[in-house]
Amino acid sequence: MNKRVSLALIVGCMLSGAAAAQTGQELFTANCSGCHGADAHGIEGLAPSLHNPDLWTKLGAHRDNYIAGVVTGGMSGKIESLGKTYQGFAMPPQSFLSSADLVQITHYIIDDVNQLKGGPSEALIDQYKQKPLTHGELHKLRSGG
Ligand code: HEC
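Residues numbered from 1 in each chain as written. Predicted model: local features only at pLDDT ≥ 70, side-chain atom pairs only at ≥ 80, totals over all residues.

(A) Looking closely at the site of the ligand. The immediate surroundings of the ligand are formed by 26 residues, with C32, C35, A47, F89 and M91 found nearest. When contributions to the shell around the ligand are tallied by element, the ones reaching two or more residues are α3 (33–36), α5 (63–73) and β1 (79–81). Across the shell around the ligand, the residue classes tally to 16 nonpolar, nine polar and one charged. (Near = placed C-beta within 6 Å. Helix = DSSP H or I, 4+ residues; strand = E, 2+ residues; numbered from the N terminus. Nonpolar A, V, L, I, M, F, W, Y, C, P; charged D, E, K, R; others polar.)

If you want it as structure tokens, here you go:
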């Protein structure tokens, strides 16, 4: 291999490495917006808006557990969200995504979409990947405890 070709290969790898480091918003668009809509504003009759500051504020100390639990374990059952009922469609677990990507996505939802502070740690997401919360436990968290 001549020097110019190998240099081109190295630069190519660096560029694709840079492209792989996507932002939370880009990861959300690629993995979640098909159901939750552009900018997480929901698709009526399919999946609720994740722009719901009242919900995330009300969740308080359970907020990180709830969002980490949903992305790793999925969600099903009846949900009331912003005056609308969601029922019948189940969200599949997103645990095929790396924990680092799930941290980025969940922080995008909490910090950027809802303008709140925080989001789950990678350690919490890893913990729930090992032992997912049940959908019953998630509903309990969502309704306050
Ligand atoms: C195949 C469709 C689908 C995909 C993909 C999907 N979701 Fe969901 N999601 C749903 C549905 C449907 C619900 C509501 C489930 C129910 O009714 O219990 C939901 C619920 C949620 C909730 C709970 C909302 C609330 O009001 O309590 C969160 C948080 C969430 N999803 C985040 C995500 C994130 C983040 C991603 C991407 C990593 C994602 N979802 C990918 C369909 C999807």
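From this point, the narrative continues.
(B) Examining the nonpolar core more closely. In this structure, I67, A68, V70, L102, I105, I109 and I125 are the most contacted members of the largest nonpolar core, which totals 24 residues. If you list the elements that add at least two residues to this core, you get α5, α6 (99–113) and α7 (122–130). In terms of residue count, α6 provides more of this core than any other element does, seven residues in total. (Core = buried A, V, L, I, M, F, W, Y, C linked by C-beta atoms within 7 Å. Buried ≥ 20, exposed ≤ 12 C-beta atoms within 10 Å, placed from the backbone.)

(C) Broad picture of the packing of α6 against α7. The N-to-C vectors of α6 and α7 enclose an angle of 120°; their axes lie 9 Å apart at closest approach. Regarding α6 and α7, the two cross each other, and that crossing is right-handed. Contact with α6, carried on its side by S99, A100, L102 and V103, involves E122, I125, D126 and K129 of α7 and no other residues of that element. Of the residues contributing to the contact of α6 with α7, the split by class is four nonpolar, one polar and three charged. (Axes fitted to C-alpha atoms, helices over the stretch in contact; angles between N-to-C directions. Left-handed = near helix turned anticlockwise from the far one by under 90°. Contact = placed C-beta atoms within 7 Å.)

(D) Spatial organisation of unusual backbone geometry. In the Ramachandran plot, D39 falls in the positive-phi region, its phi being about 55° despite a non-glycine side chain. With respect to the helices and strands, D39 occurs in the loop between α3 and α4 (53–59). With a phi angle near 55°, Q115 is a residue other than glycine that sits in the positive phi range. Note that Q115 resides in the loop between α6 and α7. The exposure class of Q115 is exposed, given the 10 C-beta atoms found within 10 Å.

Keep in mind that these numbers describe shape and distance, not what the molecule does.
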